[in-house]
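# Structural overview
If you want the building blocks of each chain, they are given just below.
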Amino acid sequence: FYDFDAKYNDNSTKLNIPAELPTATYEKIREYAVKAFIAMDGSGLSRVDFFVKNSDGSIVLNEINTMPGFTNISMYPKLWDAAGIGYSELLDELIKLGLERVK
């Protein structure tokens, strides 16, 4: 169970990036995340969270976090880092997106 202690105090909590999922499930989640972001007219950053049921592999949207954590232990920057975009580069990109939005 991923509770407060597991998230902030337990150094043994493991974050699997990428998630250990079948390729087809991974691609569907990615597709659903984009659709959810567009449907809410999102801009800048967000993290879209899902559950995948063990029983049948069905995908359930959990939440769209429009202001995800941004600390050294937060998932959002860790996910981008795993995709090859480091913390400084991510900050630069988010600032650029924000400036483009207000023009």
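These figures come from a predicted structure and were not determined experimentally. Residue numbering note: each chain is counted from 1, following its sequence as written. Given that the model is predicted, a residue must reach a pLDDT of at least 70 before its local features are reported, and side-chain atom pairs must reach 80 or more before they are shown or counted; all residues, however, enter totals for whole chains, interfaces and linings. As a rule here, side-chain values come from all non-hydrogen atoms in the structure, and water together with hydrogens is ignored.

What follows concerns the pairing of strand β1 (residues 47-52). The sheet contact formed by β1 and strand β2 (residues 59-65) spans six bridges and is antiparallel. Looking across to β2, one finds that V48 is bridged to I64. The pairing criterion is simple: DSSP has to find at least two bridges between the two strands. By definition, any uninterrupted DSSP run of H or I lasting at least four residues is a helix, any uninterrupted run of E lasting at least two residues is a strand, and each is numbered from the N terminus. Joining the antiparallel neighbours β1 and β2 is a turn of six residues, in which G57 adopts a positive phi near 75°.

This part covers a nonpolar patch on the surface. Any residue with relative accessible area above 30% and no salt bridge may belong to a patch, with like charges joined within 9 Å and the nonpolar Val, Leu, Ile, Met, Phe, Trp and Tyr side chains within 5 Å. All accessible areas in this document rest on Shrake-Rupley with a 1.4 Å probe, and a residue is counted as covered only by the protein chains that are shown. Between Lys or Arg on one side and Asp or Glu on the other, a salt bridge is scored when a side-chain nitrogen of the former is within 4 Å of a carboxyl oxygen of the latter. A grouping of Y87, L91, I95, L99 and V102 is seen on the molecular surface, where their side chains present a nonpolar patch of about 490 Å² in accessible area. Within the secondary structure layout, Y87 lies in helix α4 (residues 87-102). Buried residues are those whose accessible area, probed at 1.4 Å on protein chains only, stays under 20% of the maximum for their type, while exposed residues exceed 50% and partly exposed ones sit between those limits. On the accessibility criterion, Y87 (41% relative accessible area) is partly exposed.

Our next topic: the environment of G86. You can see G86 is positioned in the loop between α3 (75-82) and α4. Distance from G86 to R47, taken between C-alpha atoms, is 17 Å for residues 39 residues apart in sequence.

This paragraph deals with the side chain of D49. Mapped onto the elements, D49 comes out in strand β1. Residue D49 is classed as buried on the basis of its relative accessible area of 16%. Here a residue-residue contact requires only that any non-hydrogen atoms of the pair lie within 4.5 Å. If we skip the residues at most four places from it in the chain, D49 touches V60, L61, N62 and E63.

Bringing the pattern of salt bridges into the picture now. Once the charged atoms of two side chains with opposite charge are near each other, the side chains can pair. Taken as a whole, this structure holds four salt bridges when the rule is applied. The shortest N-O distance in the salt bridge between K35 and E31 comes to 3.1 Å. Highlighted residues: K35 and E31, both in helix α2 (residues 23-39), separated by four residues, approximately one helical turn. The structure contains a network of salt bridges with shared partners spanning K28, E31 and K35.

Two rings belonging to Phe, Tyr or Trp (six-membered ring only in the last case) form a pair when the distance between their centres is within 6.5 Å. Interplanar angles under 30 degrees mark stacking, angles over 60 mark edge-to-face geometry, and anything in between is tilted. What the rule picks out here adds up to four aromatic pairs. Here F70 and Y76 contribute two aromatic rings whose centre-to-centre distance is 5.8 Å and whose plane-to-plane angle is 40°, an arrangement assigned as tilted. Grouping residues by exposure puts F70 and Y76 together as buried. Ring-pair connections join several aromatic residues into one group, and the members of that group are F70, Y76, W80 and Y87.

Attention shifts here to unusual backbone geometry. The omega torsion of the bond from I17 to P18 falls at 0°, within 30 degrees of zero and hence cis. Along the chain, P18 falls in the loop between α1 (4-8) and α2. Even without being a glycine, D41 presents a positive backbone phi close to 55°. The residue D41 is located in the loop between α2 and β1 in this model.

Inspection of the secondary structure puts I85 in the loop between α3 and α4. The class of I85 is partly exposed, set by a relative accessible area of 23%. Beyond its immediate stretch of four places on either side in the chain, I85 contacts W80 and L90.

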